[in-house]
Amino acid sequence: MVFRTPAAVNWLSYAAGGPELDPDTIHRGLRSLYLFSLAAVDADVVRVHALVQRSVLDDLPADRLGELAWAAADALVEVWPEDSRDPGLNQHLTAGTDALDRCAGDHLWEPDGYHPVLAVAGKSLGGAGQVAAAAAHFQRLHERAADRLGPDHWATLAARGNLAIWQGESRTASSLARARHLLADRTRVLGAGHPSTLTARHTLARQLGLTGDLPGAIAELESLVADRIRILGADHPDTLTTRHNLATWRGEAGDPAGACADFAANLDDTERVLGPDHPDTLSARHELARWRSIAGDPAGAVADFEQLVADRIRVLGADHPLTLASRNELAVAMAHAGDAAAALTALHELLADRLRVLGPDHPDTLNTRLHLIDIGGVTDDLAALTVLLDDMMRVLGPEHDYTQQACYVLALLRDPQGDDPGRAAPEEMLTAFLRVNGPHHPLTWQVRSAVVLARQERGDFPAMVAAMADLVDDLAVLRGPGHEETTKLRGVLAQWRLNLGDAAGAATAYTELLPLLIEQHGPEHADVFAARANIAFSRGVSGDPAFAVAAYEEVLADWIRVFGADDPAVAPLRKNLEGFRGLADEGHADGGDR
């Protein structure tokens, strides 16, 4: 396939020193390599043994290698479909790009940038559902660009832009901060009205939405629509795209009727500007039908999706990923309209096609499996859903929407009568995460944090404390026992033990925390004095008021010496000291005001 591109034909013709070669001549040349066991030719794939590659490369002059590398990169870009999600094709083209980068990577860089194939390869990984791999690819590309071109070069900023996009799609914790920094740097270097700066604002808005700040995403997109209309015009495709995404986030924020109205208006303009068969027009129709179903008209959405599927088959082909996406939403609308049997039949057919076209690990394939289980809604699907959740955890990670949806469905199937499956979903997430990744994964503490919050929200405080203790252990391994995050959480855990009546456990926890705080802040820091006061209080209410009196006298004296007698903390310290003196005189302990 690559050898048929204009770039390959031009190079081979130039290298042969004669007229332009025709495809048959090139094929005969490849066949000769095969006959001499120098290459394996299989359909559209040509493989050359590493020893043969090395022999050829060693004899090539550097300038010739540079010309050849650039021509090969041109050929890869020409053959790479813009929206390909074919895992087999992506794998071959990505492998070819990686091989080219390994053997001649220096020749893919110029003083003003890098060859587009390096960006195309990363975007292809993301489009095929390998969002973490795409983020890693652009992380490496950004580092190389910054080293070769400088941090403010346009190509470096472009790599950072793609890094921000794919880190956001893989739900990494730093994605929002990276998007903010990217926008600040593009504004500084390129100016507020530059198209790339406007694109950075679009990226930031999406990260805001993905991280849960829907009002922030909407506000950013509303401002961006106004600026794009002013700078680019109301009919510019980028303006229409921003309106499209603004409608999406309005729907996600709880206004499906408003999303329908916005999509209807945007569809009219998109079709007028770009035509009825343009991909953006078809995408607007897809989203309008989807939100129509969510807004309460699934029957109307079914009719819309049936026509859209037919049009996408005609325009894009039956196996195009966007055609498959419309079939997926058609099945979901069928289920919402009350025809679960037809929906399940459609989803089974779709799953077979997505497995064939996209592969088993593509997010769309995993999502279809989830819809089948969700719409089936029987407890017999628990085993299948557990397997699916493990696959999602392995491929997508714990922060992806599909993984979280699977946890919610699993919690619902386990307890159909439960008050709030959303509060049980983090438990399912943690169980699956530990099952797939083990206890020492760098993200374990984030998953445990969600469990702590969920248990607190449902009022199960003893279970919350148990989860928090596990979380402290995770942070101690990940950050270190004396890290500020670890010591802060240790203090919160000790306080909860005290609140729940475990004064002895709190005293032990505060006693273990104290030397870590001293090492971290020094002996006369307020946090150190507070820990000493908490030890005194916990020991006092657990039955040792004499110890509490002695400890409070010492910490009160130190607090006044360091912070002064008028410090606000002095009064409660004095009050607790007097309270425990009274208890010590009476020979018993029954608590204090702390």
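Residues numbered from 1 in each chain as written. Predicted model: local features only at pLDDT ≥ 70, side-chain atom pairs only at ≥ 80, totals over all residues. Heavy atoms only, no water.

A. Molecular detail of the overall build of the chain. A tally of regular secondary structure across the chain gives 28 helices and four strands. Taken over the C-alpha atoms alone, the chain extends approximately 110 × 65 × 55 Å along its principal axes. Counting every position in the chain, which comprises 594 residues, the buried fraction comes to 44%. Taking the intrachain contacts of the chain between residues at least 6 apart in sequence as the baseline, contacts between residues at least 24 apart amount to 56%. Just so you have it, the chain exposes about 28,200 Å², and 55% of that area is on carbon and sulfur atoms. (Helix = DSSP H or I, 4+ residues; strand = E, 2+ residues; numbered from the N terminus. Buried < 20%, exposed > 50% of the residue type's maximum accessible area, 1.4 Å probe, protein only. Contact = heavy atoms within 4.5 Å. Areas by Shrake-Rupley, 256 points an atom, 1.4 Å probe, with all protein chains shown as cover.)

B. Examining the packing of helix α10 (residues 195-210) against helix α12 (residues 237-252) more closely. At their nearest, the axes of α10 and α12 sit 12 Å apart, and the two run at 10° to each other. Considering their axes alone, α10 and α12 lie roughly parallel with respect to each other. Residues His 202, Arg 206, Gly 209 and Leu 210 of α10 pack against Thr 241, Thr 242, Asn 245 and Trp 249 of α12. Looking at the contact of α10 with α12 residue by residue, the classes come out as two nonpolar, five polar and one charged. (Axes fitted to C-alpha atoms, helices over the stretch in contact; angles between N-to-C directions. Parallel < 35°, antiparallel > 145°, perpendicular 65-115°, else oblique. Nonpolar A, V, L, I, M, F, W, Y, C, P; charged D, E, K, R; others polar.)

C. How the structure looks around the environment of Asn 162. Locating Asn 162 in the fold gives a position in helix α8 (residues 154-169). In this structure Asn 162 comes out as buried when scored by relative accessible area, which is 12%. Sequence separation between Asn 162 and Leu 350 is 188 residues; the distance between their C-alpha atoms is 31 Å. The contact partners of Asn 162, leaving out residues within four places of it in the chain, are Lys 123 and Phe 138.

D. Molecular detail of the pattern of salt bridges. For the structure on display, the rule yields 40 salt bridges. Ionic pairing is found between Asp 235 and Arg 272, a salt bridge with its closest N-O pair at 3.0 Å. Remark: Arg 272 occurs in helix α13 (residues 256-274) and Asp 235 occurs in the loop between α11 (214-231) and α12; sequence separation between them is 37 residues. Accessibility expressed as a relative area gives 36% for Asp 235, which makes it partly exposed. Across the pair Arg 290 and Glu 287 runs a salt bridge whose closest N-O atoms are separated by 2.9 Å. Of this pair, Arg 290 and Glu 287 both sit in helix α14 (residues 279-294), three residues apart, which is roughly one turn of that helix. Residue Arg 290 is classed as buried on the basis of its relative accessible area of 18%. Take Glu 287: its relative accessible area is 13%, and that puts it in the buried class. The structure contains a network of salt bridges with shared partners spanning Asp 152, Arg 160, Asp 185 and Arg 188. (Salt bridge = Lys/Arg side-chain N within 4 Å of Asp/Glu carboxyl O.)

E. Quick look at helix α4 (residues 62-79). Along its 18 residues, α4 runs 26 Å from first to last C-alpha, staying within 8% of the 26 Å computed at 1.5 Å per residue. Turning to α4, its buried residues number three or more, namely Leu 65, Gly 66, Ala 69, Ala 71, Ala 73, Ala 75, Leu 76 and Val 79. (Expected span 1.5 Å × (residues − 1).)

F. Main features of the environment of Pro 572. With respect to the helices and strands, the residue Pro 572 is situated in helix α28 (residues 570-586). Of the residues examined, Pro 572 reaches a relative accessible area of 38% and is grouped as partly exposed. Between the alpha carbons of Pro 572 and Leu 556 there is a distance of 9.9 Å; along the sequence they are 16 residues apart.

G. Structural detail: the layout of surface pockets. Within this model, the second largest pocket holds a volume of roughly 1,700 Å³. Forming the walls of the second largest pocket are 44 residues, and the residues nearest its centre are Val 2, Phe 3, Val 46, Val 48 and Ala 72. When contributions to the lining of the second largest pocket are tallied by element, the ones reaching two or more residues are α1 (6-16), α2 (23-35), β2 (45-47), α3 (50-58), α4 and α5 (87-104). (1 Å grid on protein atoms, 1.4 Å probe; cavity = no way out; pocket = protein on both sides within 12 Å on 5 of 7 lines; lining within 4 Å. Points joined across faces, edges and corners; volume = space filled by probe spheres on them.)

H. Spotlight on the packing of aromatic side chains. Here the structure, examined in full by the defined rule, presents seven aromatic pairs. Centroid distance Tyr 552 to Phe 580: 5.9 Å. Interplanar angle 20°. Geometry classified as stacked. Of this pair, Tyr 552 sits in helix α27 (residues 545-563) while Phe 580 sits in helix α28, placing them 28 residues apart in sequence. Judged by centre distance (5.3 Å) and plane angle (50°), the ring pair of Trp 559 and Phe 563 falls under tilted. Within this pair, Trp 559 and its partner Phe 563 are both found in helix α27, separated by four residues, close to a single helical turn. Residue Trp 559 is classed as buried on the basis of its relative accessible area, which comes to 10%. (Phe/Tyr/Trp six-rings, centres within 6.5 Å; stacked < 30°, edge-to-face > 60°.)

I. Focus on the environment of Val 309. Counting through the fold element by element, Val 309 comes out in helix α15 (residues 298-316). Accessibility expressed as a relative area gives 10% for Val 309, which makes it buried. When near neighbours in sequence (up to four residues on either side) are disregarded, Val 309 contacts Thr 323, Ser 326, Arg 327 and Leu 330.

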